[in-house]
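Given next are the chains, with one letter for each unit.
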Amino acid sequence: MTKYPSHISIETFHGCNARCTFCHVNQWERKEGQMTDEVFDSILKQLDGWGQKYIKQTALMLNGEPLFDKNLEERLSKCKSAKLPNVGFTTNAQLFNEKRIAKVIEADPDYIVFSFDTLDKDKFEQNRLRLKHERVLNNILSFIETRNKMKSNIRIVIRHIDFQADKKEFSNYLEYFGKLLRRDIDEIGYTKVHNSAVKKSIDENLTDHCGTSPCGAVFNRLTIQHDGHVVLCPHDFNAEYNFGSILESDILEIFNSKKFNEIRLIHEQNKRHTMSKCKGCDEPELNLKGEMYAKYTPSGELFYANVFTGFDHNSEREKVDTKK
């Protein structure tokens with residue numbers, strides 16, 4: 001039976017302006033660069049027909065800062081024209097300026113995620129090397145203001161990363177941004193800092209390896225690097241598990257290939273710790289506890305906490321509204 005991904009990540013640009021301490025950026029070995037139109041257009045062509053039906057999230061980002069992509073706005077518009085669901089991207093916001101903010105809003109993505117870990121300037125700049133707290137925050141505030149002035153319905157997500165894993169900062173974070181965001185569509189995300197499959201886990205119980213729980217990414221996520229190669233997941237940054245190029249094989253054939261299914265079987269058998277890339281990743285265990293990526297309304301209501309499934313914003317928010 002044909003399997004379909006619920007989440008697709010398309011790396012339109014590989015390379016980043018930041019050197020975050022919790023990221024694997026310093027281990028990247030692939031050549032930096034922008035995805036060609038040939039690769040991008042081929043992806044959209046192959047998604048047509050089933051992508052609109054099965055995909056729940058279309059993310060134009062992977063290992064890098066999407067704002068480096070000079071064609072980002074055009075590509076967002078193409079995805080929207082193709083009626084792909086839930087189109088958007090995640091950014092550190094450093095490269096935004098007034099003109100670029102307006103261009104992105106005019107492209108009309110469904111969402112934008114701002115990775116803004118903390119309101120604490122020192123803590124932010126200690127962990128987000130090369131980024132400036134004041135500039136990033138001002139760009140985020142400018143985006144919110146411009147979105148509202150342009151009467152856009154882009155969903156803004158502000159994501160907090162908890163470096164101490166104690167949630168002490170989160171209440172202040174919720175209060176600050178909760179007053180600024182639209183309560184009907186916007187979100188505030190909470191993420192316990194994970195180890196990006198390369199560092200020691202913040203969970204002291206995960207020592208020799210990071211658990212055996214199956215990872216949802218290998219079942220639900222289609223990860224395409226900027227050269228068109230399909231890899232295991234976002235943490236497979238150097239393509240250790242390369243399943244083939246979308247320029248040479250059909251995307252669905254790659255996703256349903258024998259090689260990919262063999263890896264899924266390893267996960268189903270609770271043996272992911274036998275795989276070099278997977279054994280050091282703490283995301284599946286954190287996700288089981290609802291700590292990997294929890295989503296809150298601006299008023300502070302938790303409404304979703306599963307990073308491995310494509311996210312249908314409307315249906316999940318409707319559940320919250322129904323309870324009221």
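Computed from a prediction, not measured in an experiment: that's the story for all the values here.

### Let's talk about the pattern of salt bridges
And step 1. Counted by the stated rule, this structure contains 18 salt bridges.
And step 2. We note a salt bridge from Asp69 to Arg75, for which the minimum N-O separation is 3.2 Å. This pair shows no difference in class: Asp69 is buried, exactly as Arg75 is.
And step 3. Asp110 is the partner of Lys80 in a salt bridge, and the nearest nitrogen-oxygen pair spans 2.8 Å. With Lys80 in helix α3 (residues 72-81) and Asp110 in the loop between α4 (98-107) and β7 (111-115), this pair connects stretches of sequence that are 30 residues apart.

### Some details on the side chain of Thr58
And step 1. Structurally, the position occupied by Thr58 is in strand β5 (residues 57-59).
And step 2. In this structure the side chain of Thr58 is engaged in a polar contact, spanning 2.8 Å, whose partner is the backbone oxygen of Pro85.
And step 3. Beyond its immediate sequence surroundings of up to four residues, Thr58 is in contact with Ile8, Cys79, Leu84, Pro85, Asn86, Val87, Gly88 and Tyr111.

### What to know about the packing of α3 against α4
The relative placement of two packed helices is expressed as an angle between their axes plus a distance between the axes.
And step 1. Following both chains from N to C, one finds α3 and α4 inclined at 15°, their axes separated by 8 Å at the closest point. The pairing of α3 with α4 is recorded here as roughly parallel in orientation. Two packed elements cross with a definite hand, and for α3 against α4 that hand is right-handed. Seen from α3, the contacting residues are Leu72, Glu73, Leu76, Ser77 and Lys80; seen from α4, they are Arg100, Lys103, Val104 and Ala107.
And step 2. Of the residues assigned to the contact of α3 with α4, the class counts are 4 nonpolar, 1 polar and 4 charged.

### Focus on the packing of aromatic side chains
And step 1. Tallying each qualifying case throughout the model produces 16 aromatic pairs.
And step 2. Seen from their ring centres, Phe116 and Phe177 are 6.0 Å apart, and the 85° between their planes marks the pair as edge-to-face. In this pair, Phe116 is assigned in the loop between β7 and α5 (121-127) and Phe177 in helix α7 (residues 170-178), connecting sequence segments 61 residues apart. The burial state of Phe116 is the same as that of Phe177; both residues are buried.
And step 3. Members of the aromatic cluster, connected to one another through ring pairs, are Phe116, Phe124, Phe170, Tyr173, Tyr176, Phe177, Tyr190 and Tyr296.
And step 4. Against the face of Phe40 rests Arg75, its NZ or CZ located 5.1 Å from the ring centre.
And step 5. The ring centre of Tyr293 lies 5.7 Å from the NZ or CZ of Arg159, which sits over that ring.

### Quick notes on the packing of α4 against helix α6 (residues 133-149)
And step 1. Between α4 and α6, the shortest axis-to-axis distance is 10 Å and the interhelical angle comes to 45°. In this view, α4 runs oblique relative to α6, as classed from their interaxial angle. The two elements α4 and α6 meet at a crossing, and its hand is right-handed. Residues Ile101, Val104 and Ile105 of α4 touch α6, and the partners they reach there are Asn139, Ser142, Phe143, Thr146 and Arg147.
And step 2. Residue classes in the contact of α4 with α6 are distributed as 4 nonpolar, 3 polar and 1 charged.

Criteria and cut-off values
Residues numbered from 1 in each chain as written. Predicted model: local features only at pLDDT ≥ 70, side-chain atom pairs only at ≥ 80, totals over all residues. Heavy atoms only, no water. Salt bridge = Lys/Arg side-chain N within 4 Å of Asp/Glu carboxyl O. Buried < 20%, exposed > 50% of the residue type's maximum accessible area, 1.4 Å probe, protein only. Helix = DSSP H or I, 4+ residues; strand = E, 2+ residues; numbered from the N terminus. Polar contact = N/O pair within 3.5 Å; in protein donor to acceptor, adjacent residues only side chain to side chain. Contact = heavy atoms within 4.5 Å. Axes fitted to C-alpha atoms, helices over the stretch in contact; angles between N-to-C directions. Parallel < 35°, antiparallel > 145°, perpendicular 65-115°, else oblique. Left-handed = near helix turned anticlockwise from the far one by under 90°. Nonpolar A, V, L, I, M, F, W, Y, C, P; charged D, E, K, R; others polar. Phe/Tyr/Trp six-rings, centres within 6.5 Å; stacked < 30°, edge-to-face > 60°. Lys NZ or Arg CZ within 6 Å of the ring centre and 35° of its normal.

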